[in-house]
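# Coordinate analysis (summary)
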Amino acid sequence: MPDLELAVAAHAKVNLALSVHGLLPDGRHQVSTVLQAISLHDLLQVRLAAETSLEVIGDAPAGPENLVLVAQRALEEAVGRPLPAALRLVKRIPPGAGLAGGSSDAAAALRALSRLYRLDLELRDIAAELGADVPFFLRGGAAEAGGFGADLRPCPEATGWFALAWPGFSVSTGAVYEAWDGTGGAGPNQLQAAAFTVEPRLRAFAEELGTGWQMTGSGSAFFTQSADEAGARAAALPLSCWTAIAAPVGAWG
């Protein structure tokens, strides 16, 4: 077997805007959002092997529930044969933060395995079955998303830099959407009020951050935009929580 290996960056995203428009017939929520890939990323290394294994460095499960392995199984089902690989995932994106680290890992697995095995198939439908954000990470860059989040239209990329702040705890996406059914929402991220209802600590965290910070996705991370790297570093410097700075990333697919 040839010794082929790929290293794929699995980028995070921020939601520059997010509005919710009620329920779709299948029970999922209809949303409109603007997604921007950023330079903060996990790293997935994939090597052809006789049998599949997964090593995880960082905060993520290494068992079959890991979205890298879920994506691999979905791809195997689509092509009707095993696609064994030795996988190594280095986690840098905090879990349950609204930065879509797991979805990006899944898309990275689809891209890497498809390339290593020279598969000739459309990955979009497989990605959509794995999660609303996974199709976005097949291409990256910036996109307007509709439906339940997987109907994508490329749009101009953001400029400047982002400072990111994460309180160290996650918020359940399902619980936030369920809470939205009762609270509704307003502002650039219409899930924020619902997230505060689900997790009161998040409201306190937002108050500590002050004005100019916006929640991404269903939480729990926040971001603020700056014109340059120095401004992003200055915004993150006073904070005692997990922080990072990141630049917008263009499309790769």
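Our subject in this report is the structure included herewith. (Residues numbered from 1 in each chain as written. Predicted model: local features only at pLDDT ≥ 70, side-chain atom pairs only at ≥ 80, totals over all residues. Heavy atoms only, no water.)

### Points about the nonpolar core
Counting residues in each nonpolar core, the largest one holds 40 residues, and the members touching the most others are Leu44, Val46, Leu75, Leu87, Leu110 and Val134. Looking at this core, the elements with two or more residues in it are strand 1 (5–23), strand 2 (29–48), strand 3 (53–57), helix 1 (67–79), strand 4 (85–90), helix 2 (101–116), helix 3 (124–130) and strand 5 (142–146). At 8 residues, the largest contribution of residues to this core is made by helix 2. Setting aside residues up to four positions removed in sequence, Leu75 forms contacts with Leu83, Leu110, Leu113, Ser114, Leu119, Leu121, Leu123 and Ile126. Core analysis: the next-biggest nonpolar cluster, separate from the first, contains 24 residues, Val171, Ala179, Trp213 and Ala232 among them. (Core = buried A, V, L, I, M, F, W, Y, C linked by side-chain atoms within 4.5 Å. Buried < 20%, exposed > 50% of the residue type's maximum accessible area, 1.4 Å probe, protein only. Helix = DSSP H or I, 4+ residues; strand = E, 2+ residues; numbered from the N terminus. Contact = heavy atoms within 4.5 Å.)

### Section: the layout of surface pockets
The computed volume of the largest pocket comes to approximately 800 Å³. Along the wall of the largest pocket there are 41 residues; nearest its centre are Gly98, Ala100, Ser103, Asp133 and Thr173. Sorting the residues of the lining of the largest pocket by element identifies strand 1, strand 2, helix 1, helix 2 and helix 4 (173–183) as the ones contributing at least two each. Its residues assigned to classes, the lining of the largest pocket comprises 19 nonpolar, 15 polar and 7 charged. (1 Å grid on protein atoms, 1.4 Å probe; cavity = no way out; pocket = protein on both sides within 12 Å on 5 of 7 lines; lining within 4 Å. Points joined across faces, edges and corners; volume = space filled by probe spheres on them. Nonpolar A, V, L, I, M, F, W, Y, C, P; charged D, E, K, R; others polar.)

### So, the pairing of strand 9 (residues 222–226)
The element strand 9 is largely enclosed, with a buried count of 4 among its 5 residues. Note: strand 7 (residues 161–166) against strand 9, 5 bridges, orientation antiparallel. Counted as the bridge partner of Ala165 is Phe222 from strand 9. Sheet topology places strand 8 (residues 214–215) next to strand 9; 2 bridges connect them, and they run antiparallel. Residue pairing across strands places Met215 opposite Phe222, the latter belonging to strand 9. Counted between consecutive antiparallel strands, the loop separating strand 8 from strand 9 contains 6 residues, among which Gly217 sits at a positive phi close to 55°. (Pairing = 2+ DSSP bridges.)

### Comments concerning the sheet that holds strand 7
Strand order in the open sheet formed by 4 strands is 8-9-7-10, and the pairing between neighbours is antiparallel. Each edge of the sheet is formed by a strand with only one pairing partner; in this case those strands are strand 8 and strand 10 (242–246). Together, strand 7, strand 8 and strand 9 form the strand contacts of helix 6 (residues 200–209), whose direction differs from that of strand 9 by roughly 20°. Contacting strand 7, strand 9 and strand 10, helix 7 (residues 229–236) runs over the sheet at an angle of about 15° to strand 7. (Axes fitted to C-alpha atoms, helices over the stretch in contact; angles between N-to-C directions.)

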